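Reading the structure
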Amino acid sequence: MTETALQGPIRVRFAPSPTGFLHVGGARTAIYNDLLRAHLGGELILRIEDTDRARSDEAMTRQIQEALEWVGCHWDEGPALQSARVERHRERAAELLARDLAYRCFCTSEELDAQRRAAEKAGERFRYPGTCSTLSAAEVEERLAAGTPFVVRFRMAQDNIRFHDLVRGDVDFPPDALDDFILLRSDGSPTYHLSVVSDDIDMRVSHIIRGDDHLSNTPKHIALFEALEAPLPTFGHLPLILGPDKKRLSKRTGATSVEEFRDQGILPQALYNFLALLGWSPGDAREILSRDEMTELFTVERLNTSAAVFDRDKLAWMNAQYLFNLPLEEIWPHLEPFLAANGLADADPDRLEAAVTLHRLRAHNLAELAESIGHYFVDRLDYDPALCAKFAAKAELPERLAALRDRYDALDDFAIDPLDQALRALCEEFGEKAGYLIHPLRMALSASKKGPPVFDLVALVGRPATRQRLDHFIAYLAEIAPTSE
Ligand code: GLU
């Protein structure tokens, strides 16, 4: 897009409704606001839109903050609770009523439902026909005196509403797309439209970057900003995130919340990077970028206009890259809960660090990583007979493994190179390739057929445990060996 570059400082906001978890779509919106504010300077306000809730729930607010903090979004003001500002929203409605920019609507829900059904039957979209917009002052007074319930509706001008969207370019809503929407419900509570605009005005928000699902609300909001004589913010609507089924990302295709990805062992740095690239590109082929790098490069011009598909394999790949490359101390706090879940909270710290260092190169997530090192810290391994059957079928293998055990025992230096040389020399004596002993050795030491380079594994298991595990494995092979008859 050809766009005059945005100038800072800006004031942006992230305005989630408390739902009990932070959807990745919301997190991505927060990330773009975070990056834009970090790039241009200014403030990001966190506003919790909790007016739909019977009571404002502190736990939910805390949960949103924790999820945002975890993923690495920084905000400068808030959390501001929308529910604390209801009186202010009502004041705005009163102001609009006083200026005849809003009116009381006494239509009953039965009347409106009947109109809605008739519109549906005619294949039309229901729009409030403005029945009460022309009531005289006397008629209004009469109904008020009779205690007739009413809502307050905004008097929508019958004009096109056009605006320039930072992501979608020029947008034009014809008047027939819009009707006199409700500002205050019959119980006097403000609607989303009134609350959000009222807050955006009072919080002096300059740029509203939010999901595409709000695009159809924007003409209403623009009309309200104008009616309230407030400067119009710049809008940018982010395309949806789709699942692999090309439908809106949902539970059907797996995890959808930041918390679920955290619990699966995704690193926050990886999730931030992944979500940022789900709808924005840095302008070159790089895929692994830190928040600082993205901050430097971030421009709204490179936000994509089309929906992005959430590619779980790519996230796994990206997470593996982060596991591989981040300094260990940045990974550790996130790994700790997974270590604890695998009973490793009290494991020897040096051995733990050595095991993590070796295995993080191969894990896709923290859960896998913690699980993959568990075997270093148990006294006795449990072997899987199905994985061991091919070793048990080789009658000469136990004594050859015993020979390996003795060679290893005799080494002066129980280190990678001597371990490697000793095994290869022995295989040569047997007239076999190195793999002949490498595979059962790996199984004996880790009860797995996959893992890090085998001599790294042996060195880390260490001399006494190597001996003990080889003995145990030799005995186990004898136990499961097929009988010759
Ligand atoms: N509270 C709205 C939501 O969670 C967002 C409102 C807005 O960004 O204007 O979808």
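Look up: the structure comes first, before these words.
We now examine the packing of helix α17 (residues 416-430) against helix α18 (residues 435-446). Packing of α17 against α18 brings their axes to within 9 Å, and their N-to-C directions diverge by 125 degrees. It follows that α17 is oblique to α18 by the angle criterion. Residues Leu423, Leu426, Cys427 and Phe430 of α17 form the contact with α18, whose participating residues are Tyr436, Leu437, Ile438 and Leu441. Tallied by class, the residues present in the contact of α17 with α18 amount to eight nonpolar, no polar and no charged.

Glancing now at the site of the ligand. Around the ligand, a shell composed of Arg13, Ala15, Pro16, Ser17, Glu49, Tyr192, Val196, Arg210 and His214 is seen. One nitrogen or oxygen atom from the main chain of Ala15 is found 2.7 Å from a nitrogen atom belonging to the ligand. One of the side-chain N or O atoms of Tyr192 is found 3.1 Å from an oxygen atom in the ligand. Out of a free accessible area of 290 Å², the ligand has 80% covered by protein chains. In terms of residue class, the shell around the ligand is made up of four nonpolar, two polar and three charged.

On to the pattern of salt bridges, then. Counting across every chain of the model gives 33 salt bridges. Its salt-bridge partner being Asp34, residue Arg291 comes within 2.8 Å of it at the nearest N-O pair. Taken together, the residues span a long stretch of sequence, with Arg291 in helix α10 (residues 291-297) and Asp34 in helix α1 (residues 24-40) at a distance of 257 residues. The exposure class assigned to Arg291 is partly exposed, which follows from its relative accessible area of 22%. For Asp34, a relative accessible area of 0% corresponds to the buried category. Connected through salt bridges with shared partners, the residues Arg13, Arg47, Glu49, Arg85, Arg88, Glu91, Arg92, Asp199, Asp200 and Asp202 form a single ionic network.

As for its position among the elements, Phe235 is in strand β10 (residues 234-238). Considered as a pair, Phe235 and Gln421 are 186 residues apart in the sequence and their alpha carbons are 66 Å apart. Here Phe235 is in contact with Phe163, His164, Asp165, Leu166, Ile208, Arg210, Thr218, Ile222 and Phe225, once residues within four sequence places are set aside.

Taking 1.5 Å per residue as the helical rise, helix α2 (residues 58-71) with its 14 residues ought to reach 20 Å, and the 20 Å between its terminal C-alpha atoms agrees with that figure. Positive backbone phi, approximately 105 degrees, marks Gly72, located one or two places after α2.

A few words on the environment of Leu297. Note on placement: Leu297 falls in helix α10. Given the relative accessible area of 23%, Leu297 is considered partly exposed. Here the alpha-carbon distance between Leu297 and Gly283, two residues 14 residues apart in the chain, equals 8.3 Å. For Leu297, the contacting residues outside a window of four places in its chain are His39, Trp280, Pro282, Arg286, Leu289 and Arg302.

Burial analysis of helix α19 (residues 454-461) places six of its eight residues in the buried class, which makes it a mostly covered element. Those residues of α19 that sit buried are Val454, Phe455, Leu457, Val458, Leu460 and Val461. The elements touched by buried residues of α19 are α13 (349-359), α16 (397-410), α17, α18 and α20 (463-480). Immediately beyond the C-terminal end of α19, within one or two residues, lies Gly462, with a positive phi of roughly 90 degrees.

Reading the values: rules and limits
- Residues numbered from 1 in each chain as written.
- Predicted model: local features only at pLDDT ≥ 70, side-chain atom pairs only at ≥ 80, totals over all residues.
- Heavy atoms only, no water.
- Axes fitted to C-alpha atoms, helices over the stretch in contact; angles between N-to-C directions.
- Helix = DSSP H or I, 4+ residues; strand = E, 2+ residues; numbered from the N terminus.
- Parallel < 35°, antiparallel > 145°, perpendicular 65-115°, else oblique.
- Contact = heavy atoms within 4.5 Å.
- Nonpolar A, V, L, I, M, F, W, Y, C, P; charged D, E, K, R; others polar.
- Near = heavy atom within 4 Å.
- Polar contact = N/O pair within 3.5 Å; in protein donor to acceptor, adjacent residues only side chain to side chain.
- Areas by Shrake-Rupley, 256 points an atom, 1.4 Å probe, with all protein chains shown as cover.
- Salt bridge = Lys/Arg side-chain N within 4 Å of Asp/Glu carboxyl O.
- Buried < 20%, exposed > 50% of the residue type's maximum accessible area, 1.4 Å probe, protein only.
- Expected span 1.5 Å × (residues − 1).

Limitation: the analysis is restricted to geometry and does not speak to function.
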